[in-house]
Structure formats: C-alpha cells, structure tokens
Amino acid sequence: MLPDTQEGRDRLFANLMFDATIFGTSAVLQYEQMYRQAIDRSSDNYTGFFKFSHERDLAGPDYATFRVPNTDTLYSTAWIDLTAGPVRLHIPPTELQYFTLNIFDIFGNPENLSNRTIGFSGGNFLMVPPGWTGTVPEGLTLWRASTPHLWILMRVFAQSADEVASARKFQDGVAIEPLSATPNTTMQSDTPDRPVPPKPGKGPRQFLEVLDYVLRSNGCQPGEAALVSTFRPLGILSDSSSDGKHRDAVSVEAIERGFKDAQTLIENSKSDLGVPTGAGWVKVEKGNYGFNYLRRAVTNTAGLGANVREENASYTTFVDGSGETLDGSAHAYRLHLPTQPPVDAFWSVTLYDARTFALSPNPLGRYLISDRTSGLKVRKDGSLDIRIQHQPFEDGNWLPAPRGPFFIVLRAYSPKPEMLAGEWLPPAIEPLKP
C-alpha cells in the first residue's frame, strides 16, 4: 500500500531509497567489479569466471588496480559462480611466509582460506552454494559459501627476487575447477534462477536494477528478509508489475533525494572508519560488519577487499604526534619502535603520497620498511628507528618521502593476541629538528 498524499509518498520513497542505498552500496560496488572482470567480454580486464588474473610483480607507483596497495604481497583475483553447482578449489603447500585467499560474498563480507586458518600444507576444498545438500567427494573439505557469487582476492607474500619467483609458482598452483559439466560462464540466461545481468551505471535507477539482480540471483543473508521486503515499492524483489514502474514526479524526485542523501552520508563518514589511538594513528576497522550496513558501505566505498583484522591489523596516520600534517618538504621524521609489532607472519610500514594515494616514487624504489628489509638495523634490545624524509639518508632504515604531504600505513600480518587486544600500539611519528 502506498500513501494517498504526495507528502506521504515523498517521505516514504525518500526514506526507502536512503535505506536501500546504505544497505546495497557494497553489493552494487562488488557487482560492478564482477561485471567488468567476469561478465563484460569487451572489458580491458575481462577474465571470466573460474580463472585467476595474477599480478606477477609487486605494486609500485604506477599500480592502478586500486588505491593504497601493499607492496609486500602479489595479488590475484578470481570470480566464482556457484549457481550451477559446486566447484573444487586446490591450494598447494608452500614454505612462503604468508598467503591468504580472501573470499568475499557478493555483499563484501570476507572469509579466509589462509595459513592462519588452514596452515601451510594447502588442501582441496569443495565450495558449495547456500542450501546445497549433496555428497562431498572423498578427499575434499566442504566450504559453504554464503552467496553463489564470490570474489577471491589472493595475497601471497614476497619481497626478494627468490620469494617473488616462489610466490608466482604458488599463484599458478592454485586452481578452480567447476564440477558441473555445464558451468555458468556466460551469465546470459534469462530464467527465474538466473536473470540477465544488468549493465552497471550511475544514478538511482541503475542502482536499483543492480541491487534487484543481486538479490534475485544471490538472496539475502539470514535475518535480512524483513528489511529487504520493505524495498518492494522501489521495485526490489517485487512480483507486482506496478511496483517501481509507474511513479509520479514527486516519487521520482524523492527517490533521487534519498539516494543523494545516503551517498553524502557515506562520503562524510569515511573519517569515522578507524579508531584513534591517541598518537596520531587510527586503528583501521576491518571487514566484520554484521548488520552495520553503514560501516560496510563506507568501507567498500573507500576500497574493496577489506580483510578481517585477524589476518591483517593495520594502522594509518596522516599526522605526526603533535597533529601536524606529515610533509616531506617541511620535516624529516622518526618512527621509533621500542618493540616490533607482535606478529606470526611479518609487518611493514609503507608510505603513500597523500595527494594521489599511490606509492611515492623514489630513487631506491623502496616503498616500505619491514622486518624483512635488507640492511635493517635493529638494536640489541629489539628496538629500531625508521627514518622518514625526502633527503637521501645512508641507512637501511630510511623510508624515502616525497617533497610534499604523505601518509603512513603500518600493517601487521597474522597479528598476535596482544595486538588484537590493543596492548601494542604504534607510537607517534616525531618531527626531527633541522
């Protein structure tokens, strides 16, 4: 039932669109990437389903796939469609320091098959869609997906040339094999189970088309059916030909306003993603969203592929300990670590240009300092200083900075319990006197 008055319809459609945008933004963003990589054959980075696209070199200043990449792992991506049935996933054994297959459902919720969760011996997994009740073949471990469409973002540790070669070998050893004789690789069928995928675009109408497709092809998560059902006047999961089809000008304007208001809230909330530590750093919240749809929307708008904190605890700062903007044209800086970040894998401190959010070019081609940096000087008590400045500094602890504003990200892979509990925090970055 819709209100009879224009004022009532205005309020209803604006509120519904606002809620649908907050709820559905991460799904729409995931879908847009899936469309480019797995559906649109004319796309420059099309790979289709069930096939990895591998980054064979560590990220540098020209890395364009996404912003703020790390440069201590090789990346790989793949899309999986389970609507036609299960797939077999093979992960080979490795002696590398770290790996993870970060697996996201279509709503951006992460899980991991990693050395933290399965060890370094690898394994063979049967990835099945929600509700699957078949028999697991011998030798396979059941892995139940929360949605039929999945994105795998694989990260494999590498620093030295030998480690890069080993990481590439590991990439090639990871394999995805559909068990169905006719896997859904084209996404062009038009049945109730597989509606034709819409082309993504800007604006509320295209947003609603994509969200409707995602929900029809993937369903919603447990506990969300009541919320999703309220979106039916917008045409979401509606069986009525009138829903979402014949709106008056007042309703259309209200939908556009609700969409814009939600996007404004998401954009203005980016600064609230992290928790200040009191020393200029912000502890970055990770991908455990639950029903916090605003945090999910903000996180995925800032960048897809947010991992869980148990895999990668990270901290970011744009300022020194006094709150002044980090700027290589104004100061040289020191990050004094009385104790190194407590990890089971490795840690790194990476510098990014604050204007481009890209790695900053420098003569050494050095974009981070980590516990694996060649020539790193560590004192006998385990403490170390990282020197951050634009002018050359003859030291393995020098992290080159641009002649301008920059920011720092400290990442801790496989963090130990004391870091997860907040007992270890990075100290303030200190400006050095000339």
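Here, residues in each chain are numbered from 1, in the same order as that chain's written sequence. Residues qualify for local features only when their pLDDT is at least 70, as the model is predicted, and side-chain atom pairs are given and counted only at 80 or more; totals for whole chains, interfaces and linings, by contrast, use all residues. In computing side-chain values, all of the structure's heavy atoms are included and hydrogens and water are not.

Asks: Sorry if this is basic, but what is going on with the overall build of the protein here?
Replies: Within the protein, the regular secondary structure consists of eight helices and 19 strands. Taking 2.2 N^0.38 as the reference for a compact globule, 434 residues should give roughly 22 Å; the C-alpha atoms of the protein span a radius of gyration of 24 Å, in line with that estimate. Principal axes of the C-alpha set define a box for the protein whose edges measure 75 × 60 × 40 Å. By residue count, 50% of the 434 residues in the protein fall in the buried class. By definition, residues are in contact when any of their heavy atoms lie within 4.5 Å. Restricting to contacts in the protein with at least 6 residues of sequence separation, those with at least 24 account for 72%. Values of accessible area rely on a 1.4 Å probe in the Shrake-Rupley scheme; residue burial ignores everything except the protein chains shown. Total accessible area computed for the protein in this model is approximately 19600 Å², and 50% of it derives from carbon and sulfur atoms. Taking the average location of the 41 positive side-chain charges in the protein and that of its 49 negative ones, the two points are 3 Å from each other. By the criteria applied, helices consist of DSSP H or I runs no shorter than four residues and strands consist of E runs no shorter than two, each listed in order from the N terminus. In this description the radius of gyration comes from C-alpha coordinates, and the expected globular size is given by 2.2 Å times residues to the power 0.38. A 1.4 Å probe rolled over the protein chains alone gives each residue an accessible area, and that area as a share of the maximum for its type sets the label: buried under 20%, exposed over 50%, partly exposed in between. Charged residues are defined here as Lys and Arg on the positive side and Asp and Glu on the negative side; His and the ends of the chain fall outside this count. To locate a charge, the coordinates of NZ of Lys, CZ of Arg, CG of Asp or CD of Glu are taken.

Asks: Would you mind going over the side chain of Thr 299 with me for this structure?
Replies: Looking at where Thr 299 falls in the secondary structure, it is placed in helix α7 (residues 293-302). Ignoring sequence-local partners within four residues, the contact set of Thr 299 consists of Leu 273, Tyr 289 and Ala 306.

Asks: Quick question: what am I supposed to make of the packing of helix α1 (residues 6-39) against helix α6 (residues 249-268) here?
Replies: Packed helices, taken two at a time, are described by the angle between their axes plus the distance between the axes. Axis geometry follows a simple rule: fit a line to the C-alpha atoms, using only the stretch in contact for helices, then measure angles between N-to-C directions, giving values from 0 to 180 degrees. It is at 7 Å that the axes of α1 and α6 come closest, and there the two elements cross at 35°. For the pair α1 and α6, the crossing hand works out as right-handed. The class makeup of the residues in the contact of α1 with α6 is 12 nonpolar, six polar and five charged. Working rule for handedness: look at the near helix, and if it is turned counterclockwise from the far one by less than a right angle, call the crossing left-handed; if clockwise, right-handed. Amino acids are sorted into nonpolar (Ala, Val, Leu, Ile, Met, Phe, Trp, Tyr, Cys and Pro), charged (Asp, Glu, Lys and Arg) and polar (every other residue, Gly among them).

Asks: So what exactly am I meant to see when it comes to the pattern of salt bridges here?
Replies: If charged atoms from side chains of opposite charge come close, those side chains can pair. Salt bridge criterion: a side-chain nitrogen from Lys or Arg within 4 Å of a carboxyl oxygen from Asp or Glu. Tallying each qualifying case throughout the model produces 15 salt bridges. Where Asp 172 meets Arg 56, a salt bridge forms, and the shortest distance between an N and an O atom there is 2.5 Å. One end of the pair, Asp 172, is in helix α3 (residues 161-173); the other, Arg 56, is in the loop between β1 (53-54) and β2 (73-81), and 116 residues separate them in sequence. Across the salt bridge formed by Arg 205 and Glu 209, the nearest N and O atoms sit 2.9 Å from each other. Of this pair, Arg 205 and Glu 209 both sit in helix α4 (residues 204-218), four residues apart, which is roughly one turn of the helix.

Asks: Even after reading the chapter, I still don't get the nonpolar core, so can you show me in this structure?
Replies: Considering soluble globular proteins, one finds that nonpolar side chains tend to be buried as a cluster. We define a nonpolar core as any set of buried Ala, Val, Leu, Ile, Met, Phe, Trp, Tyr and Cys residues linked to one another through side-chain atoms lying within 4.5 Å. Of all hydrophobic cores here, the largest spans 77 residues; its most connected members are Ile 80, Leu 89, Leu 101, Ile 176 and Leu 234. A total of 14 residues in this core trace back to one element, the largest contributor, which is α1. Not counting chain neighbours up to four residues away, the residues in contact with Ile 176 comprise Phe 50, Phe 52, Ala 78, Ile 80, Val 87, Arg 88, Leu 89 and Ile 152. Ala 313, Leu 384, Ile 388 and Ile 429 belong to the second-largest nonpolar core, a separate cluster that totals 26 residues.

Asks: It is not clear to me how the sheet that holds strand β19 (residues 430-432) should be interpreted in this structure. Could you clarify?
Replies: Each strand in a sheet pairs with its neighbour through backbone hydrogen bonds, running either in the same direction (parallel) or in the opposite one (antiparallel). At least two DSSP bridges between two strands are required for those strands to pair. Read across the open sheet, the four strands follow the order β17-β16-β13-β19; overall the sheet is mixed. Each of the sheet's edge strands pairs with one partner strand only, and the pair in question is β17 (398-400) and β19. Within this sheet the neighbouring strands show an average axis-to-axis angle of 30°, counted without direction. One ladder, built from three bridges, connects strand β16 (residues 384-389) with β17; its direction is parallel. Considered in β17, the bridge of Arg 387 is made with Trp 398.

Asks: What should I look at first to understand α7 in this one?
Replies: The α-helix winds at 3.6 residues per turn, so residues separated by three or four positions along the chain end up facing the same way. Along α7, the positions that sit buried rather than exposed are Tyr 293, Arg 296, Ala 297, Val 298, Thr 299 and Asn 300. Buried residues belonging to α7 abut α1, α5 (225-229) and α6.

Asks: Where do I start with unusual backbone geometry in this structure?
Replies: With the exception of glycine, most residues fall at negative phi, and the peptide bonds are largely trans. For Leu 237, which is not glycine, the phi torsion reads 55° and is therefore positive. Here Leu 237 shows up in the loop between α5 and α6. Given the relative accessible area of 26%, Leu 237 is considered partly exposed. Even without a glycine there, the phi angle at Ser 414 is positive, about 55°.

Asks: Quick question: what am I supposed to make of the packing of aromatic side chains here?
Replies: To describe a pair of aromatic rings, you give the distance between the ring centres and the angle between the ring planes. Here is the rule: rings of Phe, Tyr and Trp (six-membered ring for Trp) pair when centre to centre is within 6.5 Å. Planes less than 30 degrees apart are stacked, more than 60 are edge-to-face, and the remainder are tilted. Tallied over the full model, the rule gives 22 aromatic pairs. Among the aromatic residues, ring-to-ring pairing joins Phe 23, Phe 107, Phe 231, Phe 291 and Tyr 293 into one connected group. Here Arg 296 stacks its cationic end above the ring of Phe 23, 5.6 Å away from the centre of that ring. Only lysine NZ and arginine CZ atoms are considered, and such an atom sits over a ring when it is within 6 Å of the ring centre and within 35 degrees of the ring normal. Sitting above the plane of the Phe 393 ring, Arg 387 keeps its charged end 4.3 Å from the centroid.

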